[in-house]
Amino acid sequence: MQQDAIIIGGGFAGLSAAYILGRARRHVTIIDSGTPRNRFSVHAHGVLGHDGKSGAEILAEARAQLAAYPTVTFVQGEADSAVGAADDFNVRIDGHDSIPTRRILLASGVEDRLPDIPGLRERWGKTVLHCPYCHGYEIGGGAIGVIATHPMSAHQATVVADWGDVTLFTNGMPEPDEATLDLLAQRGVSLQPGVVTAIEGETDTPMQVRLASGKGITVKALFAAPDLHLRGTLAQDLGCSLEDSPAGKIIATNAMKATSIAGVYAAGDNARAFGNITLSSADGVMAGLGIHQSLMFATAHS
Ligand SMILES: Cc1cc2nc3c(=O)[nH]c(=O)nc-3n(C[C@H](O)[C@H](O)[C@H](O)COP(=O)(O)OP(=O)(O)OC[C@H]3O[C@@H](n4cnc5c(N)ncnc54)[C@H](O)[C@@H]3O)c2cc1C
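Note that the structure is a prediction, hence the values are computed from the model and not measured.

1. Side note on the site of the ligand
Thinking step 1. Residues in close proximity to the ligand total 35 residues, the closest being Asp32, Ser33, Thr35, His45 and Ala79.
Thinking step 2. Within the backbone of threonine 35, an N or O atom sits 2.8 Å from an oxygen atom of the ligand.
Thinking step 3. Backbone polar atom of alanine 79 to a nitrogen atom of the ligand: 2.9 Å apart, as the coordinates give it.
Thinking step 4. Coverage of the ligand by the protein chains reaches 98% of its 1,000 Å² of free accessible surface.
Thinking step 5. A breakdown of the residues in the shell around the ligand according to their chemical character gives 11 nonpolar, 18 polar and six charged.
Thinking step 6. When residues of the shell around the ligand are assigned to domains, at least three fall in each of domain 1 (3-112 + 227-301) and domain 2 (115-224).

Structure follows, in structure tokens:
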């Protein structure tokens, strides 16, 4: 049966959109491959009313509540192709089943590509972090490292300084300019030159940041900015315009989360520069409203 909307990605953005559309009694299918971005962290924070729950628990509760809406269908799988035009798209799942739909929401999130430093990947989301607002409080102060991986890493160090005593590992990146050095000094950030070769330690915390010189510096937690990449190529395959953000390419959307292609919407981390659970959920709500309005007033918003 043709769906009013297919939502590709059942994370925070996708489920929020499904919630809006299900409550409008629209037929919506969510296709989800089950790997939300924050799956590496045991606890999520900064989400009002859910402090300290795991992301998986929040999503499971949301899915259970959505199951009560008879027009909402959940499919476990990977959407691997999306073709067509507004009111007449087809989305294929895992290379076989193809579902017709009037609208598509891309809520497939982003992939974090981490710096290739031994010992870093296995600590990702635990003691190697990217967002102090999500996990900074739990560090409880003390020695914190920031590894320069990105032109904005110096800025990240000045922010993280509110959560502890920060060392910025320059890691072979160009020396910050005078104004940035002044700001780092004002924020009490010390600079540690040299390339980081490994993160070591028998336990997750404390850990040693090993430099090429052989020197090791002990920290309780480490921040690193990953390279962000859209997951899959469905946005590009459908012809959606992308735009640059400080964190990487994102899908360009208008205020209602409509992309440049009629009938295709995008919400969550894949369509904003810096995302978190609440912001992605809000984007999903906006996309749900945008899709619903476009179904009612086809020429106004499609
Ligand atoms: C380590 C870590 C910890 C974090 N901790 C916090 C925190 O404590 N608090 C907070 O607010 N934010 C946190 N974040 C940020 C938060 O995880 C993201 O902002 C949020 O998950 C984005 O929601 P989303 O719905 O856009 O994408 P996601 O939650 O990543 O969901 C995308 C979904 O789409 C699915 N998918 C992708 N492609 C396809 C496809 N082709 N077919 C079917 N399904 C597909 C994926 O499997 C996934 O389930 C953290 C991020 C990281 C990396």
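2. Some remarks on the environment of arginine 39
Thinking step 1. Inspection of the secondary structure puts arginine 39 in the loop between β2 (28-32) and α2 (55-66).
Thinking step 2. The exposure class assigned to arginine 39 is partly exposed, which follows from its relative accessible area of 45%.
Thinking step 3. The spacing of arginine 39 and threonine 278 is 239 residues in sequence and 16 Å in space, taken between C-alpha atoms.
Thinking step 4. At 3.2 Å, the side chain of arginine 39 forms a polar contact with the backbone oxygen of threonine 35.

How each quantity is defined
- Residues numbered from 1 in each chain as written.
- Predicted model: local features only at pLDDT ≥ 70, side-chain atom pairs only at ≥ 80, totals over all residues.
- Heavy atoms only, no water.
- Near = heavy atom within 4 Å.
- Polar contact = N/O pair within 3.5 Å; in protein donor to acceptor, adjacent residues only side chain to side chain.
- Areas by Shrake-Rupley, 256 points an atom, 1.4 Å probe, with all protein chains shown as cover.
- Nonpolar A, V, L, I, M, F, W, Y, C, P; charged D, E, K, R; others polar.
- Domains from an automatic or database assignment.
- Helix = DSSP H or I, 4+ residues; strand = E, 2+ residues; numbered from the N terminus.
- Buried < 20%, exposed > 50% of the residue type's maximum accessible area, 1.4 Å probe, protein only.

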